[in-house]
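Analysis of the macromolecular model
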Amino acid sequence: MTEPKKQTYDPATIEPKWQQFWLANKVFKTPNPGDPCFDPKRPKFYALDMFPYPSAAGLHVGHPEGYTATDIVSRYKRAKGCNVLHPMGWDAFGLPAEQYAIQTNTHPAKTTEQNVATFRRQLQRLGFSYDWDREISTADPKYFRWTQWIWKQLHQRGLAYESNAPVWWCEELGTVLANDEVINGRSERGDHPCERRPLRQWVLKITEYAERLITDLDGLDWTESLKTMQREWIGRSEGAEIDFDVEGAGARIRVFTTRPDTLFGASFMVLSPEHPLVAQITTPAQRDAVAAYQRAAAAKSELERTDLAKDKSGVFTGAYARNPLFAAADPRGRLPVWIADYVIVTYGTGAIMAVPAGDERDFAFARQFGLPIPGIFAPSTGDAERDARIAAGQECHSDDAPFGPQNDNGTLSLAGLGMAAAKRKVIDWLVAQGRGQAKVTYKLRDWLFSRQRYWGEPFPVLHTQDGVELVPDDQLPVTLPHMDDFQPGGVPESPLIRAKEWVATKDGLGRPAQREINTMPGAAGSSWYFLRFCDPHNDKEFCGKAASDYWLPVDLYVGGTEHAVGHLLYSRFWTKALHDQGCVGVVEPFKKLYNQGMIQAFAYEDARGAIVPKKDTREDGDKVVHAVTGETLKPIVTKMSKRYGNVVNPDDVVGEYGADTLRLYEMYMGPLADSKPWNPKDVPGVHRFLQRSWRLAVPEFPENGPLHAHLRQDRADDPELAKALHRTIHKVEGDIERMAFNTAIAAMMIFVNDATKAMDKLSRSQLLRFAQLLQPFAPHVAEELWERLGGQGWLAYAPWPQVDKRLLVDDEIEVAVQVLGKVRGHAKVPNGAPNDVVLAAARVAVAAWLDGKAVVKEIVVPGKLVNFVVK
RNA sequence: GCCGGAGUGGCGGAAUCGGCAGACGCACAGGUUUCAAAAACCUGCGCCCUCACGGGCGUGCGGGUUCAAGUCCCGCCUCCGGCACCA
């Protein structure tokens, strides 16, 4: 028996064919200004993906989601005549490679190289139109030479400094971590406990840019929620600093407050347990209690200090401070000074004036320790009883309310004023008295920029007998020494401390010096890679100004929300710092940012709510049951996880259906920004669409030739199909512009359905244009169809088909006819018919519903509907 | 607790500016083809009443604005994400 050979859609043969064609001909190589073939008349478009960390696990289905989206836009923009920069590279330094090295005794450079090879192969299998000549790796000395150079620039401008302040230390990971890498006192990676420790570290002064990092958000095309996240992370607060003298101690406590207007209501002060003045002001009688409290606070984990600490705790120091509003003898001005861990040493000045009448936390503290709660407000909330309680200090009130007559010290009165006016008046008074000034503080801390790791960029710095000395530019890069043992030393030191020959070196004067043994964090290389892509082979500069002036800013940047405050903030900071130095023209690197949602998966839950791993389930009819107990399980949507056995591997999908199907399915699942579950049963649906597209051009049996007979020569377009096609072009174009890829695909499906029903009416020219529409989404099959149909030149650069607007309107349209807002019929009328014609037709269509009724009102929405309001 | 986002058929989702809710796909059912099955193709498919024609109800819940509400306003509920003693 010989099966007749069929010319079916076979991605396994056409996809490798076109991938090799694109690579061999460097189809997507993008020239820079000044290069041969560069066309300055075209507009530019820079489409960027968040480059991956090449893990040993290989590509996850989450990666191709955002990558397909930018690839669609890139291919579309090329067809629209843009010079498109669409690069890819590797965020190759980092912890997992080193952890793996420790476990398996393989050098991280080797595993990284293997992982990169896997990622590159997997990405190339998906047909992305990257300019592979621009591929970069952050772990490549040719790259990190410039990471080190940028760090030197920051250092020379005073933006990099050494600090001994307490930092997050993770024992399990053997390194310090930045604030955004620690969540509730545990490491983001691995969920290990972390603690605060004073350690010498390199820090970058991102706080110097806090104000600009907030204000420049306004001009960016990012989602409001992401901008809000950044604003909140930076955490700007306007208020005042006020100085309080400590009785007898000769000390002065400076506090930060956002409510200087409530100064009359201050009844005690609180220092954080770590505040440097605590030792000086504590009275002998209180010394033991204070020391015990400090020890207890230090021993508490961050979790205990935040999550569990709804009850306030604290200890009196025995000292009293003076409210600057009152004369020395005035008892109203005598404020006991406490220490309590609800005051954080790293925020503001680490000390507060407590105003229990106006602050919930101070109120709770005052209640707990029996401290006075002087009322300061004279509110009128509309609830007289509540007003009385607030005025008497029996209820805390933190909203704007007029101040009462007690807010008066003889030289300053706030009586009757509201919050804003009172703030101004108090600050003016404090300034005149030399007791305080307006002040803005930020929650944002400086960026902890060193790690106790091997697999990162070495710092281009030496420790000499005179202090710190930068390595000269001509000696960059400082490369890592070869090592075989990457174990952390059990002390907070980098493994590099054991590379004794590497560490011991000579300074500029030939005297003994030591290399810095800390390395840079993972976010170092990723904070400027978008710049390097503009000019990746430059060995004179980190990026030529002409190249970055042309390509920047990034027009479209797609990635997950997990980088909302880390990477995106750091990149903005470095761009601004380099801009201030004249090295980069823009102040913001990413004009439009789009966050893709997460691809989730189905899992099955038993009656107790526990997730049953896939291998312990089986299908039973349309239900899924427990393989052993037979219990019916409840389907839920959750993260993909090895533990649940519901991880989808893109290689498997490509193997079964091809890359075009994978790309199309991921875009068809739903809006790019939404999280949505992977449903294996839906994948064949989009695959069938590609098969149907294929069959429009290619006969089933080879004896009928490589193309249907009616497509072998040109002929006039069928008018009905022409309308359908132009509608599709219009829809797909608009949908790509607004990143609505799911509906663009639906529109193409509608066209293919229409065309399939009128197959022999389809013209060659129509099918060529359809291939152009399909190309951004499913480039392999589109190229193959283009070639078979005899399309001219590379499809990737064929101009986008023109929409004939005249074909988008019908001569005759159908309007819905409503009576009292309910659709009761339809009427066909000529397009653009005057209202009286439309109304006449509409009346006929719903005659039965109007019979015996009086029409009170007639509403005509041109081209859409008619509504009769009857009585 | 505070700040975002969301809730639409059996499922994923569509409805872009207040104008016919459910496009498109999946699943399911019936049919054509077949020795049979798969594939492919055709038809149907929100729920309820009805042989049918047709009608009623329907976008998390309760109100409101409007000729007209998934869409706007007020009050809730649930889920997801972020922040969380930041003075």
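Every value quoted in this text rests on a predicted model; they were computed, and no experiment measured them.

1. Considering the sheet that holds strand β19 (residues 447–448)
- Across the sheet, which stays open at both edges, the 3 strands sit in the order β5-β11-β19 with antiparallel pairing between neighbours. Pairing within the sheet leaves two strands with one partner each, and these edge strands are β5 (160–163) and β19.
- Here β5 runs beside strand β11 (residues 201–204); their pairing, made up of 4 bridges, is antiparallel. For tyrosine 161, the partnering residue across the bridge sits in β11 and is valine 203.

2. Notes on helix α19 (residues 650–657)
- What α19 keeps buried is the set Pro650, Asp651, Val653, Val654 and Tyr657. For α19, the angular spread of the buried residues around the axis is 165°, confining them to a single face. Summarising the geometry of α19, the exposed residues directed more than 90 degrees from the buried face are Asp652, Gly655 and Glu656.
- At its buried positions, α19 is contacted by α1 (11–24), α4 (108–124), α20 (659–668), β31 (676–678) and α21 (683–697).

3. A word on the domain arrangement of chain A
- Taken as a whole, chain A is organised into domain 1 (11–142 + 547–595), domain 2 (165–199), domain 3 (236–442) and domain 4 (810–870).
- On a C-alpha basis, the centres of domain 1 and domain 2 stand 30 Å from each other.
- Contact with domain 1, which involves 6 residues of that partner, is made by 4 residues of domain 2.
- In total, about 430 Å² of surface goes out of reach between domain 1 and domain 2, with carbon and sulfur atoms giving 60% of it.
- Summed over the shared surface of domain 1 and domain 2, the number is 0 salt bridges.
- Counting across the interface, domain 1 meets domain 2 through 0 residue pairs in polar contact (both at pLDDT 80 or more).
- Looking at which element gives the most residues to the side of domain 1 that touches domain 2, the answer is helix α3 (residues 95–104), with 3 residues.
- Residue composition of the side of domain 1 that touches domain 2, by class: 4 nonpolar, 2 polar and no charged.

4. Examining the protein's contact with RNA strand B
- The immediate surroundings of RNA strand B are formed by 55 residues, with Thr258, Tyr347, Arg361, Tyr668 and Lys731 found nearest.
- Put simply, 62% of the atoms of RNA strand B that lie within 4 Å of the protein are in sugar or phosphate.
- Taking serine 237, its side chain carries an N or O atom lying 2.7 Å from a phosphate oxygen of RNA strand B.
- One nitrogen or oxygen atom from the side chain of histidine 826 is found 2.6 Å from a base oxygen belonging to RNA strand B.
- Broken down by element, the residue count for the surface near RNA strand B peaks at 6 residues, all from helix α23 (residues 741–757).
- Residues belonging to the surface near RNA strand B are distributed by class as follows: 21 nonpolar, 14 polar and 20 charged.

5. Section: empty space enclosed by the protein
- Here the structure, examined in full by the defined rule, presents 1 cavity of 30 Å³ or more.
- Within this model, the largest cavity holds a volume of roughly 30 Å³.
- Forming the walls of the largest cavity are Leu59, Gln122, Arg125, Leu126, Pro650, Asp651 and Val654.
- The leading source of residues in the lining of the largest cavity is α19, at 3 residues.
- In the lining of the largest cavity, the residues fall into 4 nonpolar, 1 polar and 2 charged.

Thresholds applied
- In this numbering scheme, every chain counts its residues from 1 along its sequence in written order.
- In the order they appear in the text, chains get letters beginning with A and ligands get numbers beginning with 1.
- The predicted origin of the model limits local features to residues at a pLDDT of at least 70 and limits the giving and counting of side-chain atom pairs to 80 or more, whereas totals for whole chains, interfaces and linings rest on all residues.
- Based on all heavy atoms of the structure, the side-chain values leave hydrogens and waters out of the count.
- One requirement defines pairing of two strands: DSSP has to find at least two bridges between them.
- Only DSSP runs of H or I with at least four residues qualify as helices, and only runs of E with at least two residues qualify as strands; both kinds are numbered from the N terminus onward.
- Three labels apply to residues, based on accessible area from a 1.4 Å probe with only protein chains included: buried if under 20% of the type maximum, exposed if over 50%, partly exposed otherwise in between.
- In this context, the arc is that of the directions from the helix axis out to the C-beta atoms.
- Any two residues whose heavy atoms approach within 4.5 Å are treated as being in contact.
- For each domain, the first and last residues come from an automatic or database assignment.
- Buried area: the accessible surface (1.4 Å probe) lost by two parts on joining, summed over both.
- Only one rule defines a salt bridge in this text: a Lys or Arg side-chain nitrogen within 4 Å of an Asp or Glu carboxyl oxygen.
- Polar contacts, as counted here, are pairs of nitrogen or oxygen atoms within 3.5 Å of one another; within protein the pair requires one atom able to donate a hydrogen and one able to accept it, and residues that are adjacent in sequence qualify only if both atoms are side-chain atoms.
- Gly counts as polar in this scheme, as do all residues outside two lists: the nonpolar Ala, Val, Leu, Ile, Met, Phe, Trp, Tyr, Cys and Pro, and the charged Asp, Glu, Lys and Arg.
- Throughout, near means a residue has at least one heavy atom within 4 Å of the molecule or strand.
- Both site types are read off a 1 Å grid over the protein atoms alone. A 1.4 Å probe that fits but cannot get out defines a cavity, while an open set with protein on both sides within 12 Å along at least five of seven lines defines a pocket; lining residues have an atom within 4 Å of a point.
- Grid points are joined across faces, edges and corners, and a volume is the space filled by probe spheres set on the points.

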